[in-house]
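Fold and contact review
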Amino acid sequence: MGYDVHVLDPDENAPARAVASRAIRAPFDDADAVVDLARGCAVLMPEIETISAEGMRRALEFAPVRPGAPVLYIVQDRARQKQWLAANGFPLTPHHTLVSADDCMIAMASLRGPCFVKAASGGYDGRGQIRTDTPAGIAAAWATLGRVPSVVEQAVDIAVELSVLVARTPSGHMVAYEPAANHHVGGILAWSVLPGIEDVAVERRARDLARSIAEALEVEGLLCVELFLTRDGSLLVNELAPRPHNSYHESVEGCATSQFEQAVRAICDLPLGDPSCLRPAAIANLLGELWPPDGIPPFDQTLRASGARLHLYGKKAARAGRKMGHVSATGSTPQEAVERAVAGRNVLALARGVPMWEAGGWP
């Protein structure tokens, strides 16, 4: 799109260095480094929620930050995020914030069935989370997390996990993508597909809910709203992510405007692109356990899979659970797209002797 890109990252091998004209190596919480970045840019876009709040505030002297510090302040802490959602009337699973032993007792008395205890900050892709079979295990799970501020959520009967990506410009223009359906393995996104739901009424409700949240937050840029569709038809907000999202990587192949182009349009206050899904598309994530101790996986086998495209992120160190890339595919139906993407991943799993993934599980 003709823009020059500068990046800030603590990793000397950060993949974005290869495509950036300037790369600043510094911790994300280094306020001076954030200001240094802003001096040479027309607009900043945080890609991770742990960017220095002081740095973003000081950066405003030189360039706008989109989305801004107020949005990141709300979403970077699960407890704060749920408090904001509840205060603004958005539907949530039954939950409690844990900061003391008394909070655990209150939660144990009011919640029912299996629960998930999650650290309020820092957890990602299943880390910092513990499942308990009954509320009686909440206190022990909280102790295992180190008694840090946490949120305990009551499990709900989920039909499918959905996400909706919204783009919003500083001028207030907004578009919402069709919901993606997501399947997790071990707390990590395994595969995602667009379109994710056939029910037109549910699709409309999901888009409207995501738009309402983006409007209330006054997001400038992207916001992905993760949702639970329960078996009784309720839509409940799970989490918010104010950035490009793993569940919309297939927008590159499936949509009129990819989430990455849309992010640039939104933060630069350009006309937003058409978010329409032109064809069913899916991705299957490639995690670090697919990599042999020495060398690389047999990607030629992935590329032999029907319709598969390979996307590698350029990360140097592979470790179990780390997202190293993904396989994307299109199909005549969402099911076919998922089957093709998962097949491209499964040939690598077979070569390494790690578990295969199923290409199904949504209505």
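See the structure above.
A short tour of the structure in this document, coming up. Please read all numbers here as calculations on a predicted model, not as lab measurements.

Focus on the overall build of the protein
Helix and strand counts for the protein come out as 11 helices and 15 strands. In terms of overall size, the protein behaves like a compact globule, its C-alpha atoms giving a radius of gyration of 20 Å where 363 residues would be expected to give roughly 21 Å. Counting only C-alpha atoms, the protein reaches 55 × 50 × 45 Å along its principal axes. For the protein, the proportion of its 363 residues judged to be buried stands at 50%.

Quick look at helix H11 (residues 334-352)
The end-to-end C-alpha distance of H11 is 27 Å, a good match for the 27 Å that 19 residues give at a rise of 1.5 Å each. All of the buried residues in H11 are Pro334, Ala337, Val338, Ala341, Val342, Gly344, Arg345, Asn346, Leu348 and Ala349. Buried residues belonging to H11 abut strand S10 (188-194), strand S13 (281-287), helix H10 (299-304) and strand S15 (323-330).

Digging into the environment of Gly273
Its place among the elements puts Gly273 in the loop between helix H9 (259-267) and S13. For Gly273, a relative accessible area of 6% puts it in the buried group. Measuring from C-alpha to C-alpha, the distance between Gly273 and Cys255 comes to 10.0 Å, with 18 residues separating the pair along the chain. When sequence neighbours within four positions are dropped, the list of residues in contact with Gly273 reads Val175, Thr257, Gln262 and Arg265.

Topic: the pattern of salt bridges
Within the structure shown, the criterion is met by 18 salt bridges. Close ionic contact of Arg22 with Asp36 constitutes a salt bridge, the shortest N to O distance being 2.9 Å. Of this pair, Arg22 sits in strand S2 (residues 22-25) while Asp36 is found in helix H1 (residues 31-39), placing the two residues 14 residues apart along the sequence. Arg22 gets classed as partly exposed once you look at its relative accessible area, which sits at 31%. Linking Glu153 and Lys118 is a salt bridge whose minimum nitrogen-to-oxygen distance equals 3.1 Å. Pair noted here: Glu153 is in strand S6 (residues 150-154) and Lys118 is in strand S4 (residues 115-119), with a separation of 35 residues, a long-range link. Each member of the pair, Glu153 as well as Lys118, is classed as buried. Put simply, Asp32, Glu54 and Arg58 are held in one network by salt bridges that share partners.

Regarding the pairing of S10
With 7 of 7 residues buried, S10 is to be regarded as a mostly interior element. What sits between strand S9 (residues 180-185) and S10 in their antiparallel hairpin is a turn of 2 residues, with Gly186 showing a positive phi close to 65°. Here S10 runs beside S13; their pairing, made up of 4 bridges, is antiparallel. Bridge assignment links Trp191 to a residue of S13, and that residue is Ala284.

Overview of helix H4 (residues 78-87)
Within H4, the full set of buried residues consists of Arg78, Ala79, Gln81, Lys82, Trp84 and Leu85. Directly after H4, the chain includes Gly89, whose backbone phi takes a positive value near 80°.

Quick look at the pairing of S9
In terms of strand pairing, strand S7 (residues 158-168) meets S9 through 3 bridges, oriented antiparallel. If you follow Glu161 over to S9, its bridge partner there is Asn182.

What about the environment of Ala69?
Mapped onto the fold, Ala69 is located in helix H3 (residues 69-75). The spatial distance from the C-alpha of Ala69 to the C-alpha of Pro242 is 11 Å, given a sequence separation of 173 residues.

Some remarks on the sheet that holds S6
Read from one edge of the open sheet, 4 strands run S3-S6-S4-S5, paired in antiparallel fashion. Either end of the sheet is taken by a strand with one partner, and the two such strands are strand S3 (95-98) and strand S5 (129-132). Across the sheet, the axes of successive neighbouring strands diverge by a mean angle of 20°, strand direction being ignored. Sheet topology places S4 next to S5; 4 bridges connect them, and they run antiparallel.

Examining the nonpolar core
Membership of the largest hydrophobic core comes to 72 residues, with the highest contact counts inside it found for Ile213, Leu217, Leu227, Val237 and Leu240. With 7 residues, helix H7 (residues 200-217) is the single largest residue contributor to this core. Non-local contacts of Leu217, meaning those with residues more than four positions away in its chain, are made with Val71, Ile74, Trp84, Leu223 and Leu240.

Examining the packing of aromatic side chains
Under the counting rule described, the total for this entry stands at 3 aromatic pairs. Seen from their ring centres, Trp291 and Phe299 are 5.7 Å apart, and the 65° between their planes marks the pair as edge-to-face. Residue Trp291 shares its accessibility class with Phe299, and that shared class is buried. Over the aromatic face of Tyr73 sits the side chain of Arg80, whose NZ or CZ is 3.8 Å from the ring centroid.

The rules we used
- Residues numbered from 1 in each chain as written.
- Predicted model: local features only at pLDDT ≥ 70, side-chain atom pairs only at ≥ 80, totals over all residues.
- Heavy atoms only, no water.
- Helix = DSSP H or I, 4+ residues; strand = E, 2+ residues; numbered from the N terminus.
- Rg over C-alpha atoms; globule rule 2.2 N^0.38 Å.
- Buried < 20%, exposed > 50% of the residue type's maximum accessible area, 1.4 Å probe, protein only.
- Expected span 1.5 Å × (residues − 1).
- Contact = heavy atoms within 4.5 Å.
- Salt bridge = Lys/Arg side-chain N within 4 Å of Asp/Glu carboxyl O.
- Pairing = 2+ DSSP bridges.
- Axes fitted to C-alpha atoms, helices over the stretch in contact; angles between N-to-C directions.
- Core = buried A, V, L, I, M, F, W, Y, C linked by side-chain atoms within 4.5 Å.
- Phe/Tyr/Trp six-rings, centres within 6.5 Å; stacked < 30°, edge-to-face > 60°.
- Lys NZ or Arg CZ within 6 Å of the ring centre and 35° of its normal.

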